[in-house]
Each structure stands twice: as C-alpha cells, then as structure tokens.
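Analysis of the macromolecular model
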Amino acid sequence: MAADLGELLVPFMPTIRVPKTGDRVYKSECAFSFDSPESEGGLYVCMNTFLGFGREHVERHYRKTGQSVYMHLKRHVKEKATGAAGGAIPRRRNGKVFLDLELNRDFNGEDYEYEDEAKLVIFPDHFEIPLPNIEELPALVTIACDAVLNAPSAYKKQEPESWEEEIQVSRHARSLRQLDNGVRIPPSGWKCQKCEMRENLWLNLTDGSVLCGKWFFDGSGGNGHALEHYRATNYPLAVKLDTITPDGADVYSFEEEEAVLDPHISEHLSHFGIDMLQMQRRISETENGHHTDNNPRPRVSEWEVIQESGMKLKAVYGCGYTGIKNLGNSCYLSTVMQVLFSIPDFQRMYVGNLQRIFDYSPLDPTQDFATQMAKLGHGLLSGQYSKPPMKSELIEQVMKEEHKHHQRGISPRMLKSLVSRGHPEFSSNRQQDAHEFFLHLINLVERNSAGSENSSDSFRFLVEERIQCCQTRRVRYAQRVDYCIQLPAPIEAATNREELLAYEAKRKEAEENMRAPPEPVRARIPFTACLQAFTEPENVPDFWSSALQAKSAGVKTSRFASFPEYLVVQMKKFTFGVDWVPKKLDLAIDVPDFLDVSRLRATGLQAGEEELPDLMPPIVLPEDTRDNSMSSTDSPEIDEGAVMQLAEMGFPVEACRKAVYYTGNMGPEMAFNWIIAHMEEPDFAEPLTLPSMTDPLPSTSDSPIGATPLENSPPEESVAILTSMGFPRNHSIRALKATNNNLERALDWIFTHPEEEDSDALSDMADTEPNDNAFSNVNSHSDSTLSPDRETSGPRVKDGPGRYELFGFISHMGASTMSGHYVCHIKKEGRWVIYNDHKVCLSERPPKDLGYIYFYRRLSSS
C-alpha cells in the first residue's frame, strides 16, 4: 500500500511545498466565501499556494492553476455526553490538535467537544488519503502535511488581541534629533505651511513643520509637501496630527517608507507643547472596544437609546440580514459595508458580477479588491450565513433558559486586511472614524474601477464654490468633486437654549464648589438650522485676490452643481478640545425622513457679477516672506478707528491692523470674525506683510507658466488619478502642466477650463433649473450612467432632482472617534432594521436624532 501511495503521488511531488517562514496558510476561511473547516463541506487547502477554498470553489482553483493536491480539513462539533463523562476534557481525533483555529461558533467549550479530521485529496478524481499516514507517505509529503497542520492561521499573527498589522519600532526613534526652535503646536487651526490644506496634516518630529500628505481620489489628502520636506532635510519621522491620543499616535518614517512605532512619542510630542500625559488624565481607558468616560450618565443613556437596549427586539434572518463579526474595534467597517451593500449599484457591481469576478480573479484572490468585495457582498446578501435556528434548537434553548439565539455573522478579516494595508490608521486595532473609512473605501473603489463599472458614481456630485473678494466685490466660481456633505451643528440654534444655559451655570457652580456635576443636558438642534449654517458664507483663510494681486478678505459660499443619486450627510459632531482630546458634541438633531435640497442648486455667474482675473498667486520663497514688510511710505489705507476698537478688546495691534486690512475696512465686526479665524496662526501678531508688487505675475494662458519645471511631463501617477475620475487624458495633462503638477489645483483648473468640444453638454432634467455651468449638465439624467471610457469635460455624475428619502444612518456611541462603538439602522422592505455587529434585529424605535452619518436615496420623479 505504501508503494502504491508513493507511486500515486510521484507525478505531483514537484507541486507539493513545505510552508516557509513568511508563508501564510489560509486554513480557517475560503478565499471566495466564508466556508471554514466547520462548514458542511469543510475546507480545501492547496498544498502549493496554501490558499483555502470551500467545496464549491476548489474546482475553480484546480482548473485555473492545475494544482491537484489539496488538504481537506473538517472540524466536527458535537455536544458532550452527560453523566460521568460530562466533565471530560474535549477530545480531538488521534489525540492531536490538527487545526490551530479560533472557534467560529459561540459554543461554550465546557459543553462541546471538537474533533478535527484531515486528509489529502487528489484532483480531479477526488482520491482521498487519510492523515496522519506517516508510514505510507513519502517523507516530503509527510513533512509538508505536518507543517500545514501545525502552522498558525493566516491572520493569527495579525490578531494578538484584536486586529492589527505588525508595525516595527523605527530605528530613528531612540536617536531622533529635535531642533530647539521654539515651535509650539496648537490643538486646532492647523494648515500646511506650503499650501492651504487643512486636512491630512503631518507634524515633522525634528523641526515641528506642519505639512500635508498625499492626495487621494476622494478629494482628501494633500499635495505631498511632507514628503518633499523630508527629501530636502532628511528629517525622517512625522506624526499625523489628528491621530494623537493618550495611547499613542500614527507615526510614519519617510526613510523606512512605512508606518512605524515610536516608543518615545510622548517625549517627542512634548517638545512641541503636546502633553500626552495630560490627555491621559482627561479620558478613561477603553474596555473591550467600548469607551466609558468619567461621567458616564449621558454616555450610558446614549448607548441604551442607540442600541435600543431594554426592548424585545426580534431577530431577523435571510438575504440581506446577515451580521458582521466585530474583530475588535472593527464596527466602523461593518456599519459602512452594511449600508453600501444595501445600495443596488454596489450589489450589481460586485454580487451581480460574482462569477465573472471570481473566474477572472488573480492567482491570489485574497489580494484582489474586487474579489474580496464580491465575497463580502455575497456573504451579506445570499442568506447563506443567516439562517434561523431549527425548531429543536429553540426548544432546547427554552429548556436551558438560555439567551435569545443570534446568528454568528461573517468575519470581514480578509477584506479588512486588504483595504487597511499600508494605511496608518485603519491597519491598527484602534477605533476609527466611520466617515473617514467611507471616503477611504470610495477611494479604493475608484482606483480599482478604471475602465469598468464604478458604483461610487452613485455618491459623486459636484460642488460649486463661489468666492468673493471683499474689497473689489469681484467673484470666482469653481467646482470640485465630493461624495459627502458635512453639515455644521450650530449650538446657538438649539431649541432648548435656556435649559443649556441653566445647565452650564449649574456645572460651573458645581465645579467651583467641588460638588458633583448636574445631570447633563443634550442640545436639540433643528435640521433646518444645520442646513442654513451650511449655506452661510464663510471666511477664506489667507485669500489671495487676483484683482488686488495681494492677500485680502474673502468669503465663500457652496452650492450643489449636481445632485447625486445617493446623498451622504455627515453631522459635524466632533471637535478638538484645548487639551488636544477629540471630543463629541452631545447633540440631538431632528433629521427628516424626506429631504428637499433643490433650492441649493448652483446658479453660476449672475448678471452684474464681475469675475476675478484668472491669475495664479506669485511664488514667494519662504526665506523671502519677511523681507517685504511695508514701509511707512507705501502702507495701505487702514481704518485706525476700527483698529483701536479691536485693540481695546485685548488683541495685538498688528493683528488688528491685518484684520481690518484683509476685510477691506468693512468695519470692526467683520474684522473681529477674521481675528477669531486666524488667532491660532503662528504669525498672527506679526506686522502686516504683502507680496512685492515687482514680482513677476504668472501667465494667464493655458500653456505652462514660464518656469522650466512646468514644461516637463506630469507624473504618470497624477495623470492616472485624474483620468480614473473620468477626465480626458489630454485635458488632465494640460491641467497638471498649468498648475505645476499640483493635483488639487489641477482639479480646479479642469473645472474652470472646459474643453471646447464639450461645451454643449447634456441638458438638465425637466424638473431642475437650467444651469449655465457646463459641468452641472454632465450626465444629467438620473437613470443614466456615463460609460467609463466616454471622454467628457468633467467627472461622471448622476445628476437629477434634489429630493431624497432617508434609508439608513450610522450612529456612534462614546466620547470621541478614537473610542466607542458604531451601529447602523437600514430601512428594508418598509421596516427599520438595526445592525449591531453580528446581531440583526427589527428596530422598534430607530434613534434618527442621534445619528452621525445619514444616507438618502433620490426619490423618483413622478
């Protein structure tokens, strides 16, 4: 028999490998489904690639690769016998733990035992060889089988406690040199020192420079100035500003080109005035991924209301009602994925094309974005992993007085590992912002949809920004792409304002007398007030007026240049305190079920408005910025009366002079607003400086500005980013050349320089007002989707009426985005359903007023 087995395996010996250090053995889950060794058909592990496949997918891998030898793993779970053997230690067949797996079922280990079975299977004849079979198998096969059986699960290395890619300590951390230059970083008001970016900012730990990171599809990111600074200075470490918590921060090493750990981060941050120890005293520790603070009463109430605790919620099962396991602070991912796969566009793109995606997947499907999205989507929508308990199981639970049965849900670990790779925040095991993850995922969908259907088109819309120079009254219109509208929550508009003032007075009194604080009061804000605040003009920091060719005061208003098919609304509930701790405002907002934002449609340049000249700001070298201080002979006209009024309030005189000048002598009130918006900037109190009027002005032509670097071809990566968003390649190259390869400015340039042949774009739908702006007309029919290969003068949008119905919302519980828990509510088949990790139930009282991110679908025109 031994000779027979040896001869049988001889043709396959070259394809059988022994796992080496670094090889991942996927023996806990199928690459295409959520089948595991506990599934009815078990799991097949390829003895060459060590990928795992369920029964219905192993044949596909065999046909594609020709690999014939697989190890079939099966775990049998059964209840222990009662009586004398009832307390026995769980038995495993042959006395050996074959499968080093986590338990996928919520079985009590004291009541159940597990028997693991393994055998080699040779395709295509399905010839089976039971294991272990040391005497009859060739030595190499025996060694390979033993190595696979004893190898840890592919993701076990990443889950010491929850879910985190292993990050190494930077070799620069211990010996990092920090310059004693007096730089102190405020808790808010940051901006890149080389551009106007105010997000994705990184603090260089050597000199305290605050610079922007890389630009992303979703419009977030920056212009790569942090990397440019490293190349110029070789200062290796930087920390992302909005990730600093008492437990650490996201640190990146430019020299090592990866996220790193800095054991001395507290000391390095304190050098720039950031006290992590003080932050630690102000917030409590996180337990089991759920945050509790020192004054739990409002948070406990919030947790109970959002999770609908205390109500007899009915569990639901079947297609579209599958829960997602929490891997440890992964609920931000789960809630976003549940909402996305309730949208038909995502269902069609990934689940509707499931077989095609699987058939054309790469040799390692665990690393393919489309495959893993299709896998998760099928798991959520098929109902295969959401089956109601058998009648016998229900009777048994009643007899044992056990808790209500819940489905076990599916694990998103394979997708999470893929989408978080290389991301300093999502690759960690800390809680993250669901809104940021939503934009990150849209970025990945964009990147992986070039030349094919793009489900993110449903969210994409154009925003028209109107900027007016306060001195000349001239205007500039520009458009940008966005996927989410962020609404401010004006506390001053609260309907219970008197109650809030009374609470604040009692709180201060209790604090002064060292008594227990009073019961907190939640602000109740009308949704209409939030929408009104969004439409109000806002000051533009450091606005450069092309009419004056100098910095001036500018105000910006935003409107919709197109309405998306699905409108995402984020309530801006989070802010930074003076102690550097991100905190959530305690708000309740009466969000409507039906929303009409038609009145926010952009109108473009109006009659009587004069446009600002199409000029770019002069390039001023940093070392020259202080050499142009204005002399007394050429100082601008400034209302000294307004300056003195502001100075009497305690503001520095020089800051008051700048405020009055930049607001065009429009009075103390406007200047006061400028001061509030700029008082945290490092040069706030320094003398007024203006760019020299003798500096050469940039050309207004579409050709590259005279400087030599602009004549070079733009980076292909930048061109690919713009073309993947639907812009023509030639137009993208011209935009990059005209803006010195600055992606953000190139996007603005495209909107303000439409191609001539595309000027006659599609007309708007009958129930929308005509818009003179070419871009708001692109793909105006709500039922149409532009083909990915169709060249247009703007990005693909699905414009239509601005009337919507609420169909889902994500809620956050906890004091800040760095902790807490997320759940989501989705309206399906006319009823609200709550998705709380693996638990899926009918909602009795959906807490729509406490949501964080709201999802609206466009109402069909009738």
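This text gives an overview of the structure that appears in the document. (Residues numbered from 1 in each chain as written. Predicted model: local features only at pLDDT ≥ 70, side-chain atom pairs only at ≥ 80, totals over all residues. Heavy atoms only, no water.)

**What to know about the packing of aromatic side chains**
Inclusion rule: In summary, the pairing rule links any two rings of Phe, Tyr or Trp, Trp by its six-membered ring, whose centres are within 6.5 Å, and it sorts them by plane angle into stacked for under 30 degrees, edge-to-face for over 60 and tilted for everything else. Secondary structure is summarised from DSSP: a helix means a run of H or I of at least four residues, a strand means a run of E of at least two, and numbering begins at the N terminus for each. Categorising residues by exposure relies on relative accessible area from a 1.4 Å probe, with only protein chains included: less than 20% of the type maximum marks a residue as buried, more than 50% marks it as exposed, and the intermediate range marks it as partly exposed. Sitting over a ring, as applied to charges here, requires NZ of Lys or CZ of Arg to be within 6 Å of the ring centre and within 35 degrees of the ring normal.
Across all of its chains, the model carries 27 aromatic pairs by this definition. With centroids separated by 6.0 Å and ring planes inclined at 50°, the aromatic side chains of Phe 346 and Phe 459 adopt a geometry described as tilted. Separated by 113 residues along the polypeptide, Phe 346 in helix α9 (residues 344-351) and Phe 459 in the loop between α14 (434-447) and β13 (461-469) bring together distant segments of the chain. We classify Phe 459 as buried; its relative accessible area is 0%. When the ring centre of Phe 32 is taken as origin, the NZ or CZ atom of Arg 60, which lies over that ring, is 5.3 Å away. Across from the ring centre of Tyr 321, 5.5 Å away, lies the NZ or CZ of Lys 828, which sits over that ring.

**Some thoughts on the pattern of salt bridges**
Side-chain pairing between opposite charges can occur once the charged atoms of the two side chains come close. Spelled out, the test is: Think of a salt bridge as a Lys or Arg side-chain nitrogen and an Asp or Glu carboxyl oxygen that are within 4 Å of each other.
Across all of its chains, the model carries 34 salt bridges by this definition. Its salt-bridge partner being Arg 831, residue Glu 829 comes within 3.6 Å of it at the nearest N-O pair. Salt bridges here are not isolated pairs; linked through shared partners, they connect Asp 345, Arg 348, Glu 565 and Lys 798.

**Digging into helix α17 (residues 640-647)**
Quick reminder of the rule: When we speak of the arc, we mean the arc of directions from the helix axis to the C-beta atoms. The contact criterion used is simple: two residues touch if any of their non-hydrogen atoms lie within 4.5 Å. Whenever two N or O atoms come within 3.5 Å, that pair is a polar contact, provided that in protein one can donate a hydrogen and the other can accept it, and provided that, for residues adjacent in sequence, both atoms are side-chain atoms.
Within α17 the residues assigned to the buried category are Ala 642, Val 643, Leu 646 and Ala 647. All buried residues of α17 fall inside an arc of 135° around its axis, so they share one side. Turning to α17, the residues buried within the fold contact α18 (653-662) and α19 (668-678). Its side-chain oxygen 3.1 Å from the backbone nitrogen of Gly 641, Asp 639 forms the N-cap of α17.

**Observations regarding the sheet that holds strand β7 (residues 210-212)**
Heads up, the condition is: Note: two strands are recorded as paired if DSSP finds a minimum of 2 bridges between them. Simply put, an axis is a line fit to the C-alpha atoms, just over the touching stretch for a helix, and the angle between two N-to-C directions goes from 0 to 180 degrees.
Ordered in space as β7-β6-β8-β9-β10, the five strands form an open sheet in which the pairing is antiparallel. Each edge of the sheet is formed by a strand with only one pairing partner; in this case those strands are β7 and β10 (258-260). On average, each strand axis in the sheet is inclined to that of its neighbour by 40°, with strand direction left out of account. With three bridges connecting them, strand β8 (residues 237-240) and strand β9 (residues 251-253) associate as antiparallel partners. The partner of Ala 238 across the bridge, within β9, is Tyr 252. Contacting β6 (201-204) and β7, helix α4 (residues 225-233) crosses the sheet at an angle of about 120° to β7.

**Points about the environment of Gln 486**
Within the fold, Gln 486 resides in strand β15 (residues 485-487). Only 2.6 Å separates the side chain of Gln 486 from the side chain of Gln 570, close enough to count as a polar contact.

**As for the side chain of Glu 465**
Among the structural elements, Glu 465 can be located in strand β13. There is a polar contact of 2.6 Å between the side chain of Glu 465 and the side chain of Arg 480. For Glu 465, the residues in contact, after removing those within four places along its chain, are Arg 476, Tyr 477, Ala 478, Arg 480, Lys 556, Thr 557 and Ser 558.

**Focus on the sheet that holds β13**
Here we have four strands laid out as an open sheet, ordered β14-β13-β20-β17, and antiparallel in their pairing. Strand pairing shows two members of the sheet lacking a second neighbour, β14 (475-482) and β17 (538-539), which therefore form its edges. One ladder, built from two bridges, connects β17 with strand β20 (residues 554-560); its direction is antiparallel. Across the sheet, the residue bridging to Asn 539 is Val 555, located in β20.

**Considerations on the side chain of Ser 545**
On the secondary structure map, Ser 545 appears in strand β18 (residues 543-545). Exposure remark for Ser 545: the relative accessible area of 0% places this residue in the buried category. For Ser 545, the side chain forms a polar contact with the main-chain nitrogen of Leu 548, separated by 3.3 Å. Not counting chain neighbours up to four residues away, the residues in contact with Ser 545 comprise Cys 469, Ala 550, Ser 552 and Leu 612.

**Concerning the environment of Asp 542**
Mapped onto the elements, Asp 542 comes out in the loop between β17 and β18. Here the alpha-carbon distance between Asp 542 and Ser 552, two residues 10 residues apart in the chain, equals 7.2 Å. Not counting the four nearest positions on each side in its chain, Asp 542 is found in contact with Lys 191, Glu 196, Lys 551, His 678 and Glu 681.

**Remarks on the pairing of β8**
The alternating pattern of β8 places Leu 237 and Val 239 on one face and Ala 238 and Lys 240 on the opposite face, and all of these are buried. Here β6 runs beside β8; their pairing, made up of three bridges, is antiparallel. Bridging from a neighbouring strand, Leu 203 pairs with Val 239 of β8.

**A few points about the nonpolar core**
What counts, and what does not: Residue types Ala, Val, Leu, Ile, Met, Phe, Trp, Tyr and Cys, when buried and joined through side-chain atoms within 4.5 Å, form a set referred to as a nonpolar core.
Grouped together as the largest cluster of nonpolar side chains are 99 residues, with contacts concentrated most on Leu 120, Met 337, Phe 346, Tyr 350 and Phe 459. For this core, the leading source of residues is α14, giving eight residues. In contact with Tyr 350, not counting residues within four places along its chain, are Phe 341, Ile 357, Phe 369, Ala 370, Met 373, Ala 374, Val 445 and Ser 455.

**Observations regarding the packing of α17 against α19**
Selection rule: Convention used here: angles under 35 degrees read as roughly parallel, angles over 145 as roughly antiparallel, angles from 65 to 115 as roughly perpendicular, and any remaining angle as oblique. By definition, turning the near helix anticlockwise from the far helix through less than a right angle yields a left-handed crossing, and turning it clockwise yields a right-handed one. Any residue outside Ala, Val, Leu, Ile, Met, Phe, Trp, Tyr, Cys, Pro, Asp, Glu, Lys and Arg is labelled polar, Gly included; the first ten of those are nonpolar and the last four are charged.
Contact geometry for α17 and α19: axes closest at 10 Å, N-to-C directions at 50°. Between α17 and α19, the angle falls in the class oblique. For the pair α17 and α19, the crossing hand works out as right-handed. Facing α17, whose interface residues are Ala 642, Gln 645 and Leu 646, α19 presents Pro 668, Ala 671, Phe 672 and Ile 675. Taken together, the residues that form the contact of α17 with α19 break down as six nonpolar, one polar and no charged.

**With respect to α4**
Among the residues making up α4, those that are buried are His 225, Ala 226, His 229 and Tyr 230. Down the axis of α4, the buried set is contained in an arc of 145°. They therefore lie on one face. Summarising the geometry of α4, the exposed residues directed more than 90 degrees from the buried face are Arg 231 and Ala 232. Following α4 by one or two positions, Asn 234 adopts a phi angle in the positive range, close to 65°.

**Concerning empty space enclosed by the protein**
Keep this limit in mind: As defined here, a cavity is a set of points on a 1 Å grid over the protein atoms alone where a 1.4 Å probe fits but cannot get out. A pocket is an open set with protein on both sides within 12 Å along at least five of seven lines, and residues line them when an atom is within 4 Å of a point. Grid points are joined across faces, edges and corners, and a volume is the space filled by probe spheres set on the points.
This structure, assessed with the given rule, holds eight cavities of 30 Å³ or more. Size it by volume and the largest cavity reaches roughly 60 Å³. Along the walls of the largest cavity sit Phe 32, Phe 53, Arg 60, His 61, Lys 64, Phe 358, Ser 361, Pro 362, Leu 363 and Pro 365, which together make up its complete lining. Looking at side-chain class alone, the lining of the largest cavity contains six nonpolar, two polar and two charged residues.

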